[in-house]
Amino acid sequence: MPSLSTANLGLLSADVARPAYDRDAAGIGVVHFGPGAFFRAHQAFFFDEALGQGGNWAICAAALRSTDVRDALRPQDNLYILAELERETRYRVIGAIKETLAGPADRPALLARLANPDTVIVTMTVTEKGYCLKGDGSLDFDHADIAHDVAEPLNPVSLIGHLVEGLRRRHAAGTAPFTVISCDNLVDNGHKLGRAVADLAEKQDGALAAWIREKVAFPRTMVDSITPATDDALRTRVTHDTGVQDAWPIQRERFTQWVIEDKFSNIRPDFASIGVTLTKDVSAYDRAKLRLLNGPHSTLAYLGSLAGYESVAEAMGDADLAGFARRLMLDDISPTLNPDAGIDYPAYIDAILARFANPGIRHLLSQIAWDGSAKLPFRLFGTIAERLAAGAPVDNLALPVAAWMHFVRRKAADGTKLTDPLAESLLTIGRAVTGDAHRDVSCFFTLEQVFPPALRDNPAFRTALERAYALLEGGVKAALKGI
Ligand code: CS2
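The structure reproduced in this document is the subject of the present report.

So, about the sheet that holds strand S2 (residues 58-63). Spatially, the 5 strands line up as an open sheet ordered S5-S2-S1-S6-S7, and their pairing is parallel. Bordering the open sheet on either side are strand S5 (97-102) and strand S7 (179-182), each of which pairs with just one other strand. Strand-to-strand twist of the sheet, defined as the mean angle between neighbouring strand axes without regard to direction, takes the value 20 degrees. Looking at chain direction, S2 and S5 are connected through 5 bridges and run parallel. In the sheet register, Ala62 faces S5, and the bridge partner there is Leu101.

Once that is clear, we can look at the site of the ligand. In the vicinity of the ligand, the residues found are Asn185, Val223, Asp224, Ser225, Lys289, Leu293, Asn294, His297, His363, Ile368, Lys375 and Arg379. Separating an oxygen atom of the ligand from a side-chain N or O atom of Asp224 is a distance of 2.6 Å. His297 is positioned with one of its side-chain polar atoms (N or O) 2.7 Å from an oxygen atom of the ligand. For the ligand, whose accessible area on its own is 340 Å², the fraction buried by protein is 90%. At the level of secondary structure, the elements contributing two or more residues to the shell around the ligand comprise strand S8 (221-224), helix H10 (283-306) and helix H15 (372-389). Tallied by class, the residues present in the shell around the ligand amount to 3 nonpolar, 5 polar and 4 charged.

In total, this model carries 12 aromatic pairs according to the counting rule given. Judged by centre distance (6.3 Å) and plane angle (45 degrees), the rings of Trp404 and Phe451 are tilted. Taken together, the residues span a long stretch of sequence, with Trp404 in helix H16 (residues 395-414) and Phe451 in the loop between helix H18 (437-444) and helix H19 (453-456) at a distance of 47 residues. Considered together, Trp404 and Phe451 belong to a single accessibility category, that of buried residues. Through successive ring pairs, a cluster of aromatic residues spans Phe45, Phe46, Phe47, Trp258, Phe264 and Phe271.

Definitions and cut-offs
- Residues numbered from 1 in each chain as written.
- Predicted model: local features only at pLDDT ≥ 70, side-chain atom pairs only at ≥ 80, totals over all residues.
- Heavy atoms only, no water.
- Pairing = 2+ DSSP bridges.
- Helix = DSSP H or I, 4+ residues; strand = E, 2+ residues; numbered from the N terminus.
- Axes fitted to C-alpha atoms, helices over the stretch in contact; angles between N-to-C directions.
- Near = heavy atom within 4 Å.
- Polar contact = N/O pair within 3.5 Å; in protein donor to acceptor, adjacent residues only side chain to side chain.
- Areas by Shrake-Rupley, 256 points an atom, 1.4 Å probe, with all protein chains shown as cover.
- Nonpolar A, V, L, I, M, F, W, Y, C, P; charged D, E, K, R; others polar.
- Phe/Tyr/Trp six-rings, centres within 6.5 Å; stacked < 30°, edge-to-face > 60°.
- Buried < 20%, exposed > 50% of the residue type's maximum accessible area, 1.4 Å probe, protein only.

Here it is as structure tokens:
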């Protein structure tokens, strides 16, 4: 079977869409950090659309550590196939990535790209933990990578350090700054990133930090598209359906949404004409998405896994679980959202639940369950804190938190891998807990970087959490009946 490459584009089956522009002529204007599946399904797709309208919106995709993506894409001229999975599948070759860099060996080339005046936009998807922030959202100077970059700013290892060094070189050369667009599921992502970059720059040069605060735009964004990890089933299917082998195709639902705060420090594509929403205020969008999509996603991930399901669609096939998710969204989460934001929340909830139930997508609960200690604070704790402040019950909201604790406990008991930045501490707790709700919750509350004092010390939350934890001793079905 031929492999995907520029030379083999003609071998693809006719219904596969090809890049609608002269790829050789398209210049690199974007640098992206974290070339994972979500980036290739979302931002790269939008820049591929922009390239169809002309302009230098090709991408240099960089990984700070892993060489996997670079090694898979380079042999196929950095092309890959995107599969849009609904009842029927659509395939498209994405040509937007023209360069892939990875690891310390490529760091000089990456820093040169960042300093290059042609680079006008820098995007990233490095997950919540890739920003090296503390629970309060400020830069964690005790983080090993940040401590390294304070000591060796010209040879950075962290995302923040690379941004500072790239901007330092532009400032020194009198080059206009690039716009920095965070594309991760972080509340207020761009603003937090902007503060972190300026705070790190402050350590080496006050004037540079001032220039960054004044001249560099870090727009806030909301990004959305359900993108399961690539597996061999997808590779086999793509080869069969397209007639060409792709080492690392990407799959996602057809739905994509990108909302960007209309704040730029350099030129940009005509985003509105390619379906991107530009707005002065992103807060309602990202709050609604993080709380109504990502919160219930994590809820289904832990409750569904404990109940023995593997995928979101399977868990949604369980009427008790699907019913609980809907109630949580309507009764517990929606009241914390801005009623004047012009968003029809019941319709948004219906649309999200329909996306969760999409039979064309096999989205593994185990993938969503990764990094619970980094995700739950952004996805559930804000909602819980506001419901508590309103004097409202938090029994339903406590159940997914208790389910996460049981999930960790089960991982510790059966010795399977727990993917989480705090995996070691969590597994130690998971081995120490006994099933006694009060004692076990106390064990988890020792994770101060996860559970803020406002929650740990709140008796109503504690009571609800212990009750949910105890109910789950009897299994998910019993807990959903008893909650
Ligand atoms: C998911 C997200 O893996 C996860 O944690 O909740 O990746 C989710 O699919 C996306 O945010 C949807 O836009």
